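Listed below are the residues making up each chain.
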Amino acid sequence: MYAKCGHLADARRLFDEMPERNVVSWSALICGYADAGMHSAAMEIFRLALEEAVPVNDFTVSCILRVCAAATLFELGAQVHARSIKTALNASPFVGSSLVSLYSKCGLVECAYQVFGEAPERNLGIWNAGLNASAQHGHTTAAFQRFMDMQNAGFRPNSITFLSLITACSHAGLVDEGKRYFSLMKEYRIEPQAEHYAAMVDLLGRVGRISEALGLIESMPMEPPEYVWGALLMACRMFKDADAAAIAAKRLFETGSRSSGAHMLLSSTYAAAGRHMDAALARKAMRDAGVRKETGLSWLEAAGEVHTFVSNCRRHPRSNEIYNVLEKVGEKMEAAGYVADTSAVVKDVDKDEKQATMRYHSERLAIGLGLLIVPEGVPIRVMKNLRVCDDCHNAVKYLSKCTGRIVILRDNRRFHRFEDGVCSCGDFW
Ligand SMILES: [Zn+2]
Ligand SMILES: [Zn+2]
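Cut-offs and rules
- Residues numbered from 1 in each chain as written.
- Chains lettered and ligands numbered in written order.
- Predicted model: local features only at pLDDT ≥ 70, side-chain atom pairs only at ≥ 80, totals over all residues.
- Heavy atoms only, no water.
- Phe/Tyr/Trp six-rings, centres within 6.5 Å; stacked < 30°, edge-to-face > 60°.
- UniProt positions renumbered as here; feature names shortened; annotations may be inferred.
- Helix = DSSP H or I, 4+ residues; strand = E, 2+ residues; numbered from the N terminus.
- Pairing = 2+ DSSP bridges.
- Contact = heavy atoms within 4.5 Å.
- Axes fitted to C-alpha atoms, helices over the stretch in contact; angles between N-to-C directions.
- Salt bridge = Lys/Arg side-chain N within 4 Å of Asp/Glu carboxyl O.
- Buried < 20%, exposed > 50% of the residue type's maximum accessible area, 1.4 Å probe, protein only.
- Right-handed = clockwise from strand over helix to strand, strands pointing away.
- Donors = N, O, S within 2.8 Å, 3.2 Å for Na, K, Ca; no water.
- Expected span 1.5 Å × (residues − 1).
- Disulfide = S-S within 2.5 Å.
- Parallel < 35°, antiparallel > 145°, perpendicular 65-115°, else oblique.
- Left-handed = near helix turned anticlockwise from the far one by under 90°.

By the naming in an unreviewed UniProt entry, the chain goes by DYW domain-containing protein and is assigned to Oryza rufipogon.

What follows is the structure, given as structure tokens:
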């Protein structure tokens, strides 16, 4: 009860003082922490529950899996999965849908499909999780098929279903289909939320229909939140539309946002459009507003350990080997036709130096370590907290071709599965 209202400290005190705790009180606390985004606290209580051999129910397991998914802790999640098979809790559609989301979020869409396919009982949640997995990974046809199947199985789509469908269309640049699903919502009497508008802006923006996207935002019945303007800004960056970017950024800052990402996008749009003076002014405005650039972080989970990198860092104990392997692969990549794109780097450095700054973005260091420690034949899975830049995206395509490795990179936008020189996003991201 306390946990539900967000009074977690009170909930914890009550829990600690309880003479007898039951499965309900354990679950309430774990899920309370999970919903509040306090992942390590949720984990800690879950471990305690296991130590004290408290019987956990499907609700608890599904909460802890959601924590693993949010933190992309694949190995831990897989352990919870294995445990749930022993206790037969994996048959629950609540556990099933959390497992589908976990595997999908960790980049292992095949595992997600397997859990979905083998689920003995399906509710709307697991249908949505299955559909969303297809959408996230750009399997558009599978997503549309899933939508048909769920209706044939007697489930009525909800607002989450439509959000996944529009996302699927967006990833594939299918504007007409996206519009069709957006208007289909009305037939189901589901009012589009700001998230649906953001997904539509994303869809229109990705194919360069920026003024149409702006028109859609103007037509929103509610005040457009920050992320809607953010989606437009992202499109402006992609199509180097500096004038629209200025409008989007202005409106975004009016929402009271202090996002460093927006400032950076605006300045890099100016830089990409060749307006270096404006780019410098945008960065100055960011400094004047006291906004600090969010540090780009990439991490790789392997053998129970999470290795985290920032750009150009040498803190990892195997740094020398990482730089060496990247250097060697880099030569092969250049021989295969890779040319570093330095247009987004606005610093006054000469070309060679620019190239060095680009080459060691955090995701490349994480992939470098992956080349060293992830066994051949196993995909290298890397997560990043910011959007992957154009140059790294292009570089990883070459890297996958030159090394024969599959790289799965999840940035803050979507999944990229690089294999044999192409990316699953089809260069829409
Ligand atoms: Zn990069
Ligand atoms: Zn991609």
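**Section: the packing of aromatic side chains**
Centre distance and the angle of the planes are the two values used to describe a pair of aromatic rings. Scanning the model with the defined rule gives 10 aromatic pairs in all. By way of ring pairs, the aromatic residues Phe144, Phe147, Phe162, Tyr181 and Tyr188 are connected into one cluster.

**A closer look at the UniProt feature "repeat: PPR" (unreviewed entry) in the chain**
Look at the UniProt record and you will see "repeat: PPR" (unreviewed entry) annotated at residues 22-56, 123-157 and 158-192. Taken end to end, residues 22-56 is 74% helix and 0% strand, and its two terminal C-alpha atoms sit 9 Å from one another. For the annotated span residues 158-192, helix accounts for 77% and strand for 0% of the residues, and the straight-line distance between the end C-alpha atoms is 11 Å.

**Some words on the sheet that holds strand β1 (residues 297-302)**
Backbone hydrogen bonds are what pair the strands of a sheet, in a parallel or an antiparallel way. Reading across the sheet, the six strands line up as β2-β1-β3-β4-β5-β6 and stay open at both edges, with mixed pairing between neighbours. Unpaired on one side and paired on the other, β2 (305-310) and β6 (422-423) mark the two borders of the sheet. In terms of strand pairing, β1 meets strand β3 (residues 380-384) through three bridges, oriented antiparallel. If you follow serine 298 over to β3, its bridge partner there is lysine 384. The sheet contacts of helix α20 (residues 362-373) involve β1, β2, β3 and β4 (407-410), and relative to β1 the element is tilted by about 15 degrees.

**A closer look at the pattern of salt bridges**
Within the structure shown, the criterion is met by 19 salt bridges. Close ionic contact of lysine 284 with aspartate 288 constitutes a salt bridge, the shortest N to O distance being 2.9 Å. Residue lysine 284 and its partner aspartate 288 are both found in helix α17 (residues 276-288); the two are separated by four residues, about one turn of the helix. Taking relative accessible area as the criterion, aspartate 288 reaches 56% and is therefore assigned exposed. Residues joined in a network through salt bridges with shared partners are Glu218, Lys250, Arg251 and Glu254.

**As for the pairing of β3**
Burial within β3 is extensive, with five of its five residues counted as buried. Burial along β3 is two-sided: the residues Ile380, Val382 and Lys384 and Arg381 and Met383 are all buried. As paired elements, β3 and β4 share four bridges and run parallel to each other. Its bridge partner being in β4, isoleucine 380 is matched across the sheet by valine 407. You can see the chain leave β3, run along helix α21 (residues 390-403) and come back into β4, and the turn it takes is right-handed.

**A short note on the coordination of the zinc ion (ligand 1)**
Listed as protein donors to the zinc ion (ligand 1) are His361 (ND1), Cys389 (SG) and Cys392 (SG); their distances from the metal cover 1.8 to 2.3 Å. Donor residues for the zinc ion (ligand 1), ordered by position in the chain, follow H-x27-C-x2-C.

**Some details on helix α9 (residues 140-152)**
Here α9 is 13 residues long and its end C-alpha atoms lie 19 Å apart, about the 18 Å a rise of 1.5 Å per residue gives. If you follow the buried residues of α9, they end up packed against α7 (109-118), α8 (124-136), α10 (159-172) and α11 (175-187). Directly after α9, the chain includes glycine 154, whose backbone phi takes a positive value near 95 degrees.

**Some remarks on the state of the cysteines**
Scanning the entire structure with this criterion turns up one disulfide. Here cysteine 31 engages in a disulfide with cysteine 63; their sulfurs sit 2.1 Å apart. Taking the torsion about the sulfur-sulfur bond, which here is approximately 115 degrees, the covalent link between cysteine 31 and cysteine 63 counts as right-handed. You can see cysteine 31 sitting in helix α2 (residues 23-35) and its partner cysteine 63 sitting in helix α4 (residues 58-70), a full 32 residues away along the chain. Residue class for cysteine 31 comes out buried when judged on its relative accessible area of 5%. On the basis of relative accessibility, which here comes to 0%, the residue cysteine 63 falls in the buried class. Here cysteine 313 is not cross-linked by a disulfide; its sulfur's nearest cysteine counterpart is in cysteine 392, at 14 Å. Looking at cysteine 313, the relative accessible area reads 11%, which means it is buried.

**Brief notes about the packing of α20 against α21**
Helix packing geometry: the angle between the two helix axes and the distance between the axes. Between α20 and α21, the shortest axis-to-axis distance is 11 Å and the interhelical angle comes to 15 degrees. Classified by the interaxial angle, the pair formed by α20 and α21 is roughly parallel. For the pair α20 and α21, the crossing hand works out as right-handed. Of the residues in α21, those in contact with Glu363, Arg364, Ile367 and Leu371 of α20 are Asp391, Cys392, Ala395, Val396, Leu399 and Thr403.

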